[in-house]
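Chain and residue survey
Now for the letters of each chain:
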Amino acid sequence: MNAVAPFHSGQSQSLVSRFAVPAIRCAGCISKIENGLNTDPGIISSRVNFSAKQVAVTHLPELDDHQLKGKIEALGFEVQILADNPLAEEKGSTGKLIRALAVAGFGMMNIMLLSVSVWSGATGVTRDLFHWLSALIAVPVIAYAGRPFFASAAMALRYGRTNMDVPISIGILLATGLSIYETATGGAHAYFDGAVMLLFFLLAGRVLDGMMRDRAREGIGALLKQTAPGAMVLADGGKTRWIASGALRPDMRMMVAAGESLAADGVIEAGASQFDCSLLTGESEPQPKGKGDRALAGTLNLSAPVTVRVTATGEDTTVADIARLMDEAGQRRSFYVRIADRAARFYAPVVHSLALLAFGYWMLAGAGWHQSLLIAVAVLIITCPCALGLAVPAAQVVASGALLRKGVMVKDGSALERLAEVDYALFDKTGTLTLGHPVPVNLDALSLAQKQITLALAQASRHPVSKGIRTALLALEIEPAALDDIQEVPGEGMTGSWGGVSVKLGKPEKSEDHLSSQLTVGSDTVLLQLQDDIRPDTTEAIAGLQALGLPASIISGDNVRSVAHVARAIGISAQASASPQDKVEAITRLTAGGRKVLMVGDGLNDGPALAAAHVSIAPGSASDVGQQAADAVFTSASLMPVTLSVKVARRTMQIVHQNFALAIGYNICAVPLALTGMVTPLIAAIAMSLSSLIVVGNALRLNGAAK
Amino acid sequence: MSGLAILIPVALLMGLIGLAVFFWAIRNNQFEDLDGAAQRILIEEEDETQ
């Protein structure tokens, strides 16, 4: 992200760029990065945000993001450039709510101070003075802190609907108006304390809700990797320059080094390499591509540098097609109505007609309009969904906190509600049921010298098989052998020379299985078998889901053989070679059959399905698209968090229903008092705080729910 | 009664000061990086006087 900030000297402009540095772990890292960067003449200042694992660098415009990235990498940290985080847009709303909460808290405490003296027997001039002071505090406080509710209620009414905020707003406005009248006429009861307290409790619920959303979004934002923000483009005269993906145009020539992903669709003009398309299609096998072949944006170039002529950019790429499919699929979900608003649909009319009836009855009974209105307001205040407004967010915040400690980030409360309703689970294979990276299984077949040679060769390649071998060998603390003349032959493997003996690590001659590799040292050959391991605890997790009443099946874009292998190992049915469209259709079919589908997937190709499902979960290793489309992200290697999330979500909804029952029970006791005109501001204040405390206390029981 | 004329404004003023400080803290990003603040105390400042 580049934001223009005024530069101190006033002559030039400085830019602020932000980077994700996940490896910041201690104070040493903070000082290393900040001190290291600040010595650079082009950098004005840098600031590490430890909680978000980000670095904000203020620098001269001469430096671009890639040079800065290189500078941070030179300090020994892995780093990603942060683009505008698409999840961060709503962040300001929680800040506003917190400010409103602070104001309401201030008002509540001071008004309560005055109210207590009124309740303890202040009369005459003193009481009037205190009422006036209360009004002086309450009116601006309500005007400021009540805005979120008034705005939302006005919006709902404009579209002829009603939500939780409508009865709240009416209650608060009526109570305030009547209290001002009471104060002006020297009456005995003013409800300023009740109105402000109500605002305070309700805002507390909203703040909790917003903080939960922000926390998960920040966590996910830090996980987001940016896929190819641009490309090195070959200009006339052989020069290269960096062009951001938004500015790429057809017929430009991109130089794509090994290990880079493509920023646009194109045709290979020079060179040949292998491409990892797993994010785009779900295929686990790298695709060899040469001159004249089409290469798609979002795929990863594995082995050799290639030159690609751009054919489609931005909106026209295959990636963008998937994004569009995802948008369409996601629109259906926005019709979901949250439980608090569903409750409000029944609640609001009942409350309003009760208050109206009370007013009518007392008018007929001859109590006079002043007394009748006072009673009607008491009914509104007493029944105002204080406990309801707190009941749902409190439970959801505690539950999502418990899940967060287990490595599951739930994006918002509505995701928890939907998660509790699912009755069918669909899994993607590559990267979801499996870890998505191959692991060698027969390393023992190698001698120590062979291991050292293998490591030296594997280190030099970005092929997933090589990476898997390298990780496993490094875990065994093997030192790489010293090799000369290491070369990568695209599609074949790595060659080199070890003290004059030619060595090779590459495609096996006999086996068809792509997940194997062959080491040749002189005339000896050893076959290395690899497996894309199924995530630990997968069988237990699936069994757990079944116990919860969720049958599961696999839907994957990978070939039949790979899918069948995994399906057999886990013991569930599977559909292979499914395109993103197929996945969405499968979900639509299930939904039409009355199922509520939980989709678990990671790739770009799962994005539309993740958006179409009733609720979706993605692993932390998922593509950005997967993580953005999913309602929750889990960071562990095990699949258990999926089962756990469903369990916790159901437990949460139990608590929410209990809270509703408590709130309604409280109303059943309190409403008759209000209707008979026996509720004074003192009783209203006690009842309100007591019911809120009970509801929050009940929600806190969820703390241990994720065990 | 005469005490009230002093005590109530004092109470209100103190509350308002607290509120103002909280707003100032939010505006100056004091709550942006709570874990980082805890870590920074451990950084040894080198030769600040240079």
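Being a predicted model, the structure only gives us computed values, none of them experimental. (Residues numbered from 1 in each chain as written. Chains lettered and ligands numbered in written order. Predicted model: local features only at pLDDT ≥ 70, side-chain atom pairs only at ≥ 80, totals over all residues.)

Comments concerning the overall build of chain B
Across its full length, chain B carries two helices and zero strands. By residue count, 2% of the 50 residues in chain B fall in the buried class. (Helix = DSSP H or I, 4+ residues; strand = E, 2+ residues; numbered from the N terminus. Buried ≥ 20, exposed ≤ 12 C-beta atoms within 10 Å, placed from the backbone.)

Points about unusual backbone geometry
All names here are of chain A. One non-glycine residue, Glu477, lies in positive phi territory at about 60°. Following the sequence through the fold, Glu477 ends up in the loop between α16 (464-475) and β18 (484-489). Exposure remark for Glu477: the 6 C-beta atoms within 10 Å place this residue in the exposed category.

Considering the domain arrangement of chain A
The extent of an interface is frequently quoted as the accessible surface area lost upon association of the parts. Looking at chain A, the domain boundaries give domain 1 (3-82), domain 2 (230-262 + 265-314), domain 3 (407-435 + 536-650) and domain 4 (436-531). Measuring from the centre of the C-alpha atoms in domain 2 of chain A to the corresponding centre in domain 3 of chain A gives 31 Å. (Domains from an automatic or database assignment.)

Some remarks on the pairing of strand β3 (residues 43-49) of chain A
All names here are of chain A. In the sheet, β3 pairs with strand β4 (residues 54-59) via six bridges, with the strands oriented antiparallel. Each bridged residue has a counterpart across the sheet, and for Ile43 the counterpart in β4 is His59. Joining the antiparallel neighbours β3 and β4 is a turn of four residues, in which Lys53 adopts a positive phi near 55°. (Pairing = 2+ DSSP bridges.)

Looking at the interface of chain B and chain A
The partner chain A presents 18 residues to the 17 residues of chain B that form the contact. For the side of chain B that touches chain A, the secondary structure elements donating two or more residues are α1 (2-27) and α2 (34-40) of chain B. If you tally residues by element for the side of chain B that touches chain A, the top one is α1 of chain B, at eight residues. Grouping the constituent residues of the side of chain B that touches chain A by class yields ten nonpolar, three polar and four charged. (Contact = placed C-beta atoms within 7 Å. Nonpolar A, V, L, I, M, F, W, Y, C, P; charged D, E, K, R; others polar.)

Quick look at the sheet that holds strand β13 (residues 300-301) of chain A
All names here are of chain A. Taken together, three strands build an open sheet; the order of strands is β11-β10-β13 and the sheet is antiparallel. The sheet is open, and its two edges are formed by β11 (287-289) and β13, each paired on a single side. Sheet topology note: the strand β10 (residues 273-276)/β13 ladder contains two bridges and is antiparallel. From the neighbouring strand, Asp276 faces β13, where its bridge partner is Leu300.

Here we look at the environment of Ile81 of chain A
With respect to the secondary-structure elements, Ile81 of chain A resides in strand β5 (residues 80-81). With 26 residues separating them along the chain, Ile81 of chain A and Val55 of chain A place their C-alpha atoms 9.9 Å apart.

Notes on the pairing of strand β6 (residues 230-234) of chain A
All names here are of chain A. In this structure, β6 lies alongside strand β7 (residues 240-244), joined through five bridges in antiparallel fashion. Of the residues in β7, the one forming a bridge with Met232 is Trp242. Here three bridges tie β6 to strand β8 (residues 253-256), and the two strands are oriented antiparallel to one another. Looking across to β8, one finds that Val233 is bridged to Met254.

Points about the environment of Gly177 of chain A
Here Gly177 of chain A shows up in helix α6 (residues 165-184). Residues Gly177 of chain A and Ile381 of chain A, 204 residues apart in the sequence, show an inter-C-alpha distance of 13 Å.

Focus on the nonpolar core
Residue and element names in this part refer to chain A. Of all hydrophobic cores here, the largest spans 172 residues; its most connected members are Ala104, Val196, Leu199, Leu203 and Leu598. Looking at which domains feed residues into this core, each of domain 2 (230-262 + 265-314) and domain 3 (407-435 + 536-650) supplies at least three. Not counting the four nearest positions on each side in its chain, Leu203 is found in contact with Leu97, Ala100, Leu101, Ala104 and Ala145. Membership of the second largest hydrophobic core comes to 16 residues, among which are Ile453, Leu473, Met494 and Leu528. (Core = buried A, V, L, I, M, F, W, Y, C linked by C-beta atoms within 7 Å.)

Section: helix α2 (residues 65-74) of chain A
All names here are of chain A. Among the residues making up α2, those that are buried are Asp65, Leu68, Lys71 and Ile72. Seen along its axis, α2 keeps its buried residues to an arc of 120°; they face one direction. α2 presents Gly70 and Ala74 as exposed residues on the side facing more than 90 degrees away from its buried surface. Downstream of α2 by a residue or two, Gly76 has a phi angle that is positive, lying close to 100°. (Arc of directions from axis to C-beta.)

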